[in-house]
Amino acid sequence: MKLSAQEEYGLRCLLHVARCGEGPTIPEISMAEGLSEPYVAKLMRVLRIGGFVKSARGQVGGYVLARPADQIIVSDTLDVLGGRLFESNFCERHAGNEQTCNHSVDCAVRSLWRAIQGAVDDVASKLTLRDLLSHEQQVTSLVKGKF
């Protein structure tokens, strides 16, 4: 199982904006995160449309969080950036050459994906962007403490 690059880099860009607080621009975020400017622009557009950042144009322009970091839930951010691992239409999308999956009535694999999605939801829905602004050891302790 993999998280997409869009989820990883989008979350990193959002964290950079939260850390900076002074309205970093696309070139500044790009340089700080080692990403191309067009890719950062795409990610910031997704985050803006998703309601996580606000942008300002002009000489003093840049990006700021649309709401406080402790009100931005990690699972909401991941949903906007890439969607969920398992969604209700999963079986229809993976039916092979058929219109409905051959295993749509009794599927052990669906149970696995549902359980994995539940575990991801349990962790990501209890963490905020503010939690992720801590150092790695603190976040690890926080995650272990919540579960």
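For the structure, check the block above.
Residues numbered from 1 in each chain as written. Predicted model: local features only at pLDDT ≥ 70, side-chain atom pairs only at ≥ 80, totals over all residues. Heavy atoms only, no water.

Glancing now at the overall build of the chain. The helix and strand inventory of the chain stands at eight helices and two strands. Counted from the first residue to the last, the chain has its helices and strands arranged as α-α-α-β-β-α-α-α-α-α. Residues counted as buried form 35% of the 147 residues belonging to the chain. Taking the intrachain contacts of the chain between residues at least 6 apart in sequence as the baseline, contacts between residues at least 24 apart amount to 62%. (Helix = DSSP H or I, 4+ residues; strand = E, 2+ residues; numbered from the N terminus. Buried < 20%, exposed > 50% of the residue type's maximum accessible area, 1.4 Å probe, protein only. Contact = heavy atoms within 4.5 Å.)

Going through the model one piece at a time under the given rule, you end up with two salt bridges. The salt bridge involving R12 is made with E8; its shortest N-O contact spans 3.8 Å. Of the two residues, R12 and E8 are both situated in helix α1 (residues 5-20); the distance of four residues between them amounts to about one turn of the helix. Look at E8 and you get partly exposed, because its relative accessible area is 41%. For E33, the salt bridge goes to R12, with nearest N and O atoms at 2.9 Å. Of the two residues, E33 is situated in helix α2 (residues 26-33) and R12 in helix α1; the sequence distance between them amounts to 21 residues. The partly exposed category is assigned to R12, whose relative accessible area is 27%. Each of the salt bridges in this network shares a partner with another, and the network as a whole consists of E8, R12 and E33. (Salt bridge = Lys/Arg side-chain N within 4 Å of Asp/Glu carboxyl O.)

Mapped onto the elements of the fold, Q6 is located in helix α1. Q6 sits in the buried class, given a relative accessible area of 19%. Counting along the chain gives 37 residues from Q6 to L43, while the straight-line C-alpha distance between them is 7.1 Å. In contact with Q6, not counting residues within four places along its chain, are L11, Y39, K42, L43, V46 and L81.

A few words now on the side chain of T77. Locating T77 in the fold gives a position in helix α4 (residues 74-82). A residue is classified by how much of its surface remains accessible, and T77, at 1% relative accessible area, is buried. Aside from chain neighbours lying at most four places away, what touches T77 is L11, L14, L47, F52 and I72.

Turning our eyes to something else, we now look at the packing of α1 against helix α3 (residues 37-49). Closest axis-to-axis distance for the α1/α3 pair is 10 Å, and the angle between their directions is 80 degrees. As summarised for this structure, α1 and α3 are arranged roughly perpendicular, according to the angle between their axes. Touching A5, Q6, Y9, G10, C13, L14 and V17 of α1 are Y39, V40, K42, L43, M44, V46 and L47, all from α3. The residue makeup of the contact of α1 with α3, split by class, is 11 nonpolar, two polar and one charged. (Axes fitted to C-alpha atoms, helices over the stretch in contact; angles between N-to-C directions. Parallel < 35°, antiparallel > 145°, perpendicular 65-115°, else oblique. Nonpolar A, V, L, I, M, F, W, Y, C, P; charged D, E, K, R; others polar.)

Another aspect to go through is the nonpolar core. One recurring pattern in soluble globular proteins is that nonpolar side chains are buried together. Membership of the largest hydrophobic core comes to 28 residues, with the highest contact counts inside it found for L14, M44, V53, L65 and L129. Elements supplying a minimum of two residues to this core: α1, α2, α3, β2 (62-65), α4 and α7 (129-132). Element by element, the count of residues in this core is highest for α1, at six residues. Apart from the residues within four sequence positions on either side, L65 is in contact with L14, V17, A18, F52, V53, K54, I72 and L129. (Core = buried A, V, L, I, M, F, W, Y, C linked by side-chain atoms within 4.5 Å.)

This next bit is on the environment of E28. Mapped onto the secondary structure, E28 falls in helix α2. Measuring from C-alpha to C-alpha, the distance between E28 and V40 comes to 9.8 Å, with 12 residues separating the pair along the chain. Once residues within four sequence positions are removed from consideration, E28 is found in contact with H16 and G23. From its side chain, E28 meets the backbone nitrogen of T25 in a polar contact 2.9 Å long. (Polar contact = N/O pair within 3.5 Å; in protein donor to acceptor, adjacent residues only side chain to side chain.)

By themselves, these figures tell us nothing about what the structure is for.
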